[in-house]
Amino acid sequence: MKKNQLFVILFFSISVYAQQQTAFGVGEWFKFRIHYGFVNAGYATLEVKEATINSEKLFHLIGKGYTTGLSRLFFKVDDRYESYIDKDTFVPNQFLRKINEGGYTKNQEGFFIWSTNKILVKDYKHNTEKTFSIPKNTQDILSAFYYLRNFSTIDKIKPGESVAIDLFFDDETTKFKLKFIGRENIKTKFGTIATMIFRPLVQSGRVFKEQESVTVWISDDENKIPIRIQASLAVGSIKADLEAFKGLKHTFKVKL
């Protein structure tokens, strides 16, 4: 697994789920503070806008990740992910991935062709175009977050059970699997929040200590927003906490 997938975990595997097709709307925005050990390493944001493509109104999803302060001096990160998804089915129409991580760069756009279950990927860095076959309802890295927030049976899942989807990333489709651990009330800057705990299954080795190294806490309400993420790395650990939010479609529930 490449080092750039750390921010992918923050954008995606981390944040997941909701029970109906009403979990979010235009104007929703989150900000996460990222810590590497005791160091404030950077921030990540997620935002929902609206766009029109070929006369069709779509959700325009935007995810950003960036390092700050001393972390930026040692390892500069400027990541931008975008996805355009259907407002009813949450199936992606196209995506953009533009990243710069310590000199490792990518600049790609992907166009889903659902009539033939294929995706056309344009690589602007290498000036290439490739077409890949994909399963029906395959998600890109950012659309997967919002798709899973609206997964119909997520509130009925039992500890030990998993949710899996097809994910297109780095020119290949893989099964992305999330295991439900249980429920927990956690203390945050906003108060005590009821959460659902998930563990995305990741590849152990260079980056993560083991397959279940990442733990995600999701608000146990209609919003299903990410509250906290922790990951044990091969060297050190990383943590992300919800820092700010606005434009939620449902009331943000805080326990007294």
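Scroll up a little and you will see the structure.
Now for a description of the structure that goes with this document. Bear in mind the structure is a predicted one, so any value in this text is a computation, not a measurement.

Things to note about the overall build of the protein
Phase 1 of the analysis: Per the secondary structure count, the protein includes three helices and 14 strands.
Phase 2 of the analysis: When each of the 256 residues of the protein is scored for burial, the buried share is 49%.
Phase 3 of the analysis: With the model as given, the accessible surface of the protein reaches about 12100 Å², and the carbon-plus-sulfur share is 50%.

Describing a nonpolar patch on the surface
Phase 1 of the analysis: A contiguous nonpolar surface patch, about 440 Å² in accessible area, is contributed by L70, L73 and F74.
Phase 2 of the analysis: Position of L73 relative to the elements: it lies in helix α2 (residues 69–74).

Let's talk about the pairing of strand β6 (residues 104–113)
Phase 1 of the analysis: Direction of pairing for strand β5 (residues 92–101) relative to β6: antiparallel, over a ladder of eight bridges. From the neighbouring strand, Q94 faces β6, where its bridge partner is F111.
Phase 2 of the analysis: In textbook terms, the turn of a hairpin is the stretch between consecutive antiparallel strands, and for β5 and β6 this stretch comprises two residues, one of which, G102, has a positive phi near 60 degrees.

So, the side chain of D221
Phase 1 of the analysis: Within the fold, D221 resides in the loop between β12 (214–219) and β13 (226–232).
Phase 2 of the analysis: As a buried residue without a salt bridge, D221 has its nearest oppositely charged side chain in K224, at a separation of 5.2 Å.
Phase 3 of the analysis: Separated by 2.8 Å, the side chains of D221 and S219 make a polar contact.

Some words on the packing of aromatic side chains
Phase 1 of the analysis: A complete count under the given rule lists 14 aromatic pairs for this structure.
Phase 2 of the analysis: Aromatic pair F24 and F59: ring centres 5.1 Å apart, planes at 55 degrees, arrangement tilted. In this pair, F24 sits in the loop between α1 (5–13) and β1 (29–36) while F59 sits in strand β3 (residues 56–67), placing the two residues 35 residues apart along the sequence.
Phase 3 of the analysis: F24 gets classed as buried once you look at its relative accessible area, which sits at 4%.
Phase 4 of the analysis: Taken together, a centroid distance of 4.6 Å and an interplanar angle of 45 degrees make the contact between F245 and F252 tilted.
Phase 5 of the analysis: Under the relative-accessibility criterion, F252 is labelled buried at 16%.
Phase 6 of the analysis: Its end group placed over the ring of F59, K87 keeps NZ or CZ at 5.3 Å from the ring centre.
Phase 7 of the analysis: Note that K246 overlies the ring of W29, its terminal NZ or CZ placed 5.4 Å from the centroid.

Quick word on the nonpolar core
Phase 1 of the analysis: Core analysis: the biggest nonpolar cluster contains 47 residues, and F24, F30, Y146 and F198 have the highest contact counts within it.
Phase 2 of the analysis: When neighbours within four sequence positions are excluded, F30 is seen to be in contact with A44, T45, L46, F145, R149, I225, P226, L242, A244, F245 and L248.
Phase 3 of the analysis: Membership of the second largest hydrophobic core comes to seven residues, among which are F95, V121, F132 and I134.

Considering the environment of T173
Phase 1 of the analysis: As for its placement among the helices and strands, T173 is situated in strand β10 (residues 172–188).
Phase 2 of the analysis: Taking relative accessible area as the criterion, T173 reaches 28% and is therefore assigned partly exposed.
Phase 3 of the analysis: C-alpha separation for the pair T173 and Q139, spaced 34 residues apart in sequence, amounts to 9.1 Å.
Phase 4 of the analysis: In contact with T173, not counting residues within four places along its chain, are S133, I134, P135, T138, D166, L167 and F168.

Regarding the side chain of E109
Phase 1 of the analysis: Looking at where E109 falls in the secondary structure, it is placed in strand β6.
Phase 2 of the analysis: Buried and unpaired, E109 has K122 as its nearest opposite-charge partner, separated by 6.4 Å.
Phase 3 of the analysis: Once you skip the residues sitting within four places of it in the chain, E109 turns out to touch Q94, F95, L96, L120, V121, K122 and Y124.

Rules used throughout
Residues numbered from 1 in each chain as written. Predicted model: local features only at pLDDT ≥ 70, side-chain atom pairs only at ≥ 80, totals over all residues. Heavy atoms only, no water. Helix = DSSP H or I, 4+ residues; strand = E, 2+ residues; numbered from the N terminus. Buried < 20%, exposed > 50% of the residue type's maximum accessible area, 1.4 Å probe, protein only. Areas by Shrake-Rupley, 256 points an atom, 1.4 Å probe, with all protein chains shown as cover. Patch = residues over 30% accessible without salt bridge, like charges linked within 9 Å, V, L, I, M, F, W, Y side chains within 5 Å. Salt bridge = Lys/Arg side-chain N within 4 Å of Asp/Glu carboxyl O. Pairing = 2+ DSSP bridges. Lys, Arg positive; Asp, Glu negative; His and termini not counted. Polar contact = N/O pair within 3.5 Å; in protein donor to acceptor, adjacent residues only side chain to side chain. Phe/Tyr/Trp six-rings, centres within 6.5 Å; stacked < 30°, edge-to-face > 60°. Lys NZ or Arg CZ within 6 Å of the ring centre and 35° of its normal. Core = buried A, V, L, I, M, F, W, Y, C linked by side-chain atoms within 4.5 Å. Contact = heavy atoms within 4.5 Å.

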